[in-house]
Amino acid sequence: MARRRWGRRGKQSNRWLMLAFTLGVPLFLTVVGGIPLGRLLSRVEVTPTPVAAAIAAFMLIAFFTLMLSQTLTAAVDALYERGDLDLLFSSPLRPQRVMTVRFLAVAAGVFWIFGYFLTGPLVAIAVQGHLPWLAGLVVLFALALASAGAGLLLAASLFRVIGPRRTRTAAQVTAAVIGASFFLAAQAHNILGEGRSQSLWQTIMRLARDPQVQVPGLDWPLRAMLGEPLPLAAVVAAGAGLFWLASAILGPRFAADAAAAARAGRGATGRTRTRFGAFAEGAFVTTLRKELRLLVRDPALLAQVLMRVLYMLPVGFLLLRQAGRGDDLLFPGSVAALCLIAGQVAGSLAWITVSAEDAPDLLASSPSPVALVRRGKLAAAALPLAVLLAPVLLPLLVLAPLAGAAASAGCAASIAAAGLMNVWWQRPGKRSEFRRRGRASWFVTIVELLVGALIALTAALIAMGLPWALAAVAPAALAGLILLALRRSDTQIAEALRVAS
Amino acid sequence: MTDALSLTGLTKTFGAKRAVDNLTLNVRQGELYGLLGPNGAGKTTTLRMVAGLLKPDAGRIEVFGTDALAEPSAAKRLIAWAPDEPMLYDRLNPLEYLEFVAGLWGVPAKAAQAKAEELLRWLGLWDNRGERCEGFSRGMKQKTALAGALIHDPSLLILDEPLTGLDAAVARQVKDLLQERVKGGATVILTTHILEVAERIADRIGIIQHGRLVAEGTLDELRARTGEAGATLEDVFLELTAPDESHAASPAA
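None of these values were measured; they are calculated from a predicted model. (Residues numbered from 1 in each chain as written. Chains lettered and ligands numbered in written order. Predicted model: local features only at pLDDT ≥ 70, side-chain atom pairs only at ≥ 80, totals over all residues. Heavy atoms only, no water.)

Peer 1: Help me understand the overall build of chain A, please; the structure alone is not making it clear to me.
Peer 2: Of the regular secondary structure elements, chain A holds 21 helices and 0 strands. Counting across all 501 residues of chain A, residues that qualify as buried make up 43%. Taking the intrachain contacts of chain A between residues at least 6 apart in sequence as the baseline, contacts between residues at least 24 apart amount to 81%. Working note: accessible area of chain A is about 25,300 Å², and carbon and sulfur atoms make up 70% of it. (Helix = DSSP H or I, 4+ residues; strand = E, 2+ residues; numbered from the N terminus. Buried < 20%, exposed > 50% of the residue type's maximum accessible area, 1.4 Å probe, protein only. Contact = heavy atoms within 4.5 Å. Areas by Shrake-Rupley, 256 points an atom, 1.4 Å probe, with all protein chains shown as cover.)

Peer 1: I'm lost on helix 1 (residues 43–50) of chain B in this one. Help?
Peer 2: Helical periodicity: at 3.6 residues per turn, an α-helix aligns residues three or four positions apart in one direction. Residue and element names in this part refer to chain B. Counting buried positions over the 8 residues of helix 1 gives 6, a clear majority of the element. Within the sequence span of helix 1, burial applies to Lys-43, Thr-45, Thr-46, Leu-47, Met-49 and Val-50. Following helix 1 by one or two positions, Gly-52 has its phi on the positive side, about 85°.

Peer 1: Would you take a moment to explain the layout of surface pockets for this structure?
Peer 2: Here the idea is plain: a probe the size of a water molecule rolls over the atoms and shows the empty space left. All names here are of chain A. Space inside the second largest pocket adds up to approximately 550 Å³. Lining the second largest pocket we find 24 residues, and of these Leu-37, Met-59, Leu-122, Trp-133 and Met-225 sit closest to its centre. At the level of elements, helix 1 (2–43), helix 2 (50–80), helix 4 (95–127), helix 5 (135–186) and helix 8 (220–225) are the ones that each hand at least two residues to the lining of the second largest pocket. Partitioning the lining of the second largest pocket into residue classes produces 21 nonpolar, 3 polar and no charged. (1 Å grid on protein atoms, 1.4 Å probe; cavity = no way out; pocket = protein on both sides within 12 Å on 5 of 7 lines; lining within 4 Å. Points joined across faces, edges and corners; volume = space filled by probe spheres on them. Nonpolar A, V, L, I, M, F, W, Y, C, P; charged D, E, K, R; others polar.)

Peer 1: Would you mind showing me how to read a nonpolar patch on the surface here?
Peer 2: Residues and elements named next belong to chain A. A cluster of nonpolar side chains, Leu-27, Phe-28, Val-31, Val-32 and Ile-35, forms an exposed patch at the surface whose accessible area comes to about 470 Å². Relative to the assigned elements, Val-32 resides in helix 1. On the basis of relative accessibility, which here comes to 47%, the residue Val-32 falls in the partly exposed class. (Patch = residues over 30% accessible without salt bridge, like charges linked within 9 Å, V, L, I, M, F, W, Y side chains within 5 Å. Salt bridge = Lys/Arg side-chain N within 4 Å of Asp/Glu carboxyl O.)

Peer 1: What is the right way to read the packing of aromatic side chains from this model?
Peer 2: Here a ring pair, both rings aromatic, is described through the centre-centre distance and the interplanar angle of the planes. Residues and elements named next belong to chain A. Per the stated rule, a full pass over the model turns up 6 aromatic pairs over all chains. Both rings, one in Phe-63 and one in Phe-114, keep their centres 5.3 Å apart while their planes meet at 45°; by these two values the pair is tilted. You can see Phe-63 sitting in helix 2 and its partner Phe-114 sitting in helix 4, a full 51 residues away along the chain. Each member of the pair, Phe-63 together with Phe-114, is buried. (Phe/Tyr/Trp six-rings, centres within 6.5 Å; stacked < 30°, edge-to-face > 60°.)

Peer 1: Whenever I open this one, the confidence of the model for chain B confuses me. Can you help?
Peer 2: Looking at chain B as a whole, the pLDDT averages 88, with 96% of positions reaching at least 70. Low pLDDT (under 50) marks residues 247–253 of chain B, which in the prediction has 4 contacts with non-local residues, meaning those over four places away or in another chain. (pLDDT = per-residue confidence, 0-100.)

Peer 1: Which parts of the structure should I look at to understand the sheet that holds strand 2 (residues 17–27) of chain B?
Peer 2: Strand-to-strand pairing in sheets goes through backbone hydrogen bonds, with the strands running parallel or antiparallel. Residues and elements named next belong to chain B. Strand order in the open sheet formed by 4 strands is 2-1-4-5, with antiparallel pairing between adjacent strands. The open sheet terminates on both sides in strands that have one partner only, identified here as strand 2 and strand 5 (66–67). Relative to strand 4 (residues 58–63), strand 1 (residues 5–14) runs antiparallel, the two sharing 5 bridges. Opposite Ser-6, over in strand 4, you have Glu-62 as the bridge partner. Sheet strands in contact with helix 1 are strand 1, strand 2 and strand 4, and its direction is about 115° off that of strand 1. (Pairing = 2+ DSSP bridges. Axes fitted to C-alpha atoms, helices over the stretch in contact; angles between N-to-C directions.)

Dropping the structure here:
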């Protein structure tokens with residue numbers, strides 16, 4: 001009874017925490033962004049200069065790219081995860097109407113993600129006497145409509161060109177690449193090297209300022225965001241038009257496509273190699289092989305995880321370029337970033353391998369010790385990271401041995417800490433939930449981040465050499481203490497899982 | 001001879017509901033035992049406790065004389081558990097699945113590989129060995145799960161509704177397989193709602209209701225108990241599990 005009450009209290013406090021977080025983030029953005037910007041706008045007038053227009057257009061392209069990544073995934077989900085589609089299509093409602101509503105929900109969903117962050121600041125600006133700035137939200141919704149239309153057209157085109165079986169994989173990978181492309185573009189100076197990327201940025205700015213090279217209509221997005229009626233109407237018409245076009249073209253076809261997708265799902269999807277090597281032996285090795293196979297064969301998971309791995313790229317390039325160049329703070333900073341990102345990716349993978357078990361009863365009814373199976377699962381989460389980190393860490397160990405050793409140890413500690421947190425605070429779920437959750441829980445996410453940051457700081461201090469390395473003891477000890485405090489025995493884990501179920 | 005399974009005073013409560021109530025039953029070695037009962041009678045809960053998936057509140061479970069609560073690993077080594085929903089991984093093919101299950105039960109690799117081939121050929125899945133289970137029909141999935149249950153040659157095979165959703169041909173294949181295992185010396189316990197199956201293949205039948213064993217024996221013994229000489233198992237079952245006034249009045253009892 002007490003446990004149940006405790007469980008209820010835990011759930012209630014979680015709800016309050018969630019509510020505080022949900023309201024806190026936009027409030028914070030409003031206070032630090034919207035209010036000061038509103039005041040600034042009372043003194044400075046925003047005019048559609050070529051540079052401002054270029055920046056606004058670039059920002060909208062970035063938003064559109066991120067939205068498209070979301071809507072493409074949502075469109076594919078609408079095709080493959082039938083949910084209530086069978087019921088709706090068998091009702092007297094016209095398929096086109098059903099699909100229009102569904103597409104509209106996709107647009108609303110993506111608008112909500114961006115609107116959540118931008119509504120507060122924009123309202124704060126408007127309240128301070130700049131009402132036309134609310135047009136930014138209208139532009140955002142038009143962008144959401146356009147991205148929904150484009151995502152649906154792209155998904156349907158993939159469906160036509162490469163067929164139902166490959167569309168899902170291709171779309172998921174495309175969505176991940178589209179989503180990451182903006183980040184990679186923003187990090188161009190780390191990947192390409194400062195000289196080349198500066199000239200790229202300078203070229204963009206120079207072209208924006210050059211009266212000879214004016215792109216007609218480039219200032220319309222900015223004018224629309226500032227509330228000018230004609231550009232605003234044009235942007236809304238363009239967004240709504242693309243959405244209407246997608247609905248009109250795809251609505252009638254979507255029912256047939258969804259049925260084809262369902263047939264493809266029922267068929268012999270994904271034939272693995274018929275040649276099969278010798279069986280492995282023992283619970284550890286067979287669990288490791290099973291988890292690696294499942295990771296590799298889930299394109300949606302892989303795309304999500306690879307997207308996080310892409311964030312390592314700029315850091316890796318930066319590290320290798322800076323290695324041996326002396327005492328620039330950028331170098332230990334990169335060591336820290338690499339450790340932190342490695343821990344984050346490990347956390348995601350460990351959640352998939354440890355908690356997202358499709359046949360928990362099979363494991364529970366087997367005579368293999370839980371710890372042995374769990375080690376196999378953690379090894380499966382760590383192995384891909386070891387492979388991904390090796391090309392950065394091995395050269396680093398040669399170019400800057402101390403920093404290389406610090407980064408290697410930091411990454412290993414960070415990966416181990418994330419793995420342990422996911423074992424101690426398991427939250428069983430289905431693999432399909434990964435796209436929505438990505439991690440075990442908010443609590444685990446925050447602790448992973450905190451411990452990862454402390455380990456990263458330790459590695460960075462060691463990479464800076466003496467006397468800084470002496471100070472590394474403090475964050476390392478703190479990380480260790482946090483982990484010790486949160487440690488759970490097998491019995492406690494089993495009890496927590498029982499209460500949760 | 002030691003019983004294959006011996007349950008003594010087994011009890012399990014979920015909140016206010018007593019799912020299994022002081023259940024005592026024995027399953028002999030080399031017999032096919034049919035565990036029957038209406039929905040919610042406690043069949044699956046009982047079997048899940050035997051398989052080590054649930055901890056009983058009270059009572060004792062012995063598998064071939066081994067105390068399953070004190071030495072769970074030793075007991076699990078002898079058991080195979082196959083629930084009504086096959087425990088499979090959609091993105092593994094049957095061979096990969098069997099490799100994993102054999103690894104969990106510590107079957108040597110060479111023996112496991114040979115056994116996997118034998119089982120898949122026997123169950124007509126050899127040609128599908130390279131295909132992922134996600135594309136399989138219900139029957140193919142059930143057969144793959146059965147192969148997984150048999151890969152370590154269990155002495156006690158526990159099957160919860162093994163014939164649910166299977167077409168006639170596959171159901172026949174599964175029934176033949178179970179009878180073969182029993183002839184080979186294994187013990188099989190199965191639950192089923194298809195009473196004709198229990199009537200045809202079970203050596204002894206236990207009927208539980210409200211978590212208690214209400215009757216047990218061969219079909220003839222059960223008929224004798226109800227006093228209906230030519231009755232079918234369905235008649236006997238309905239007679240023995242007819243709504244009980246005391247339970248109707250107090251569902252939590």
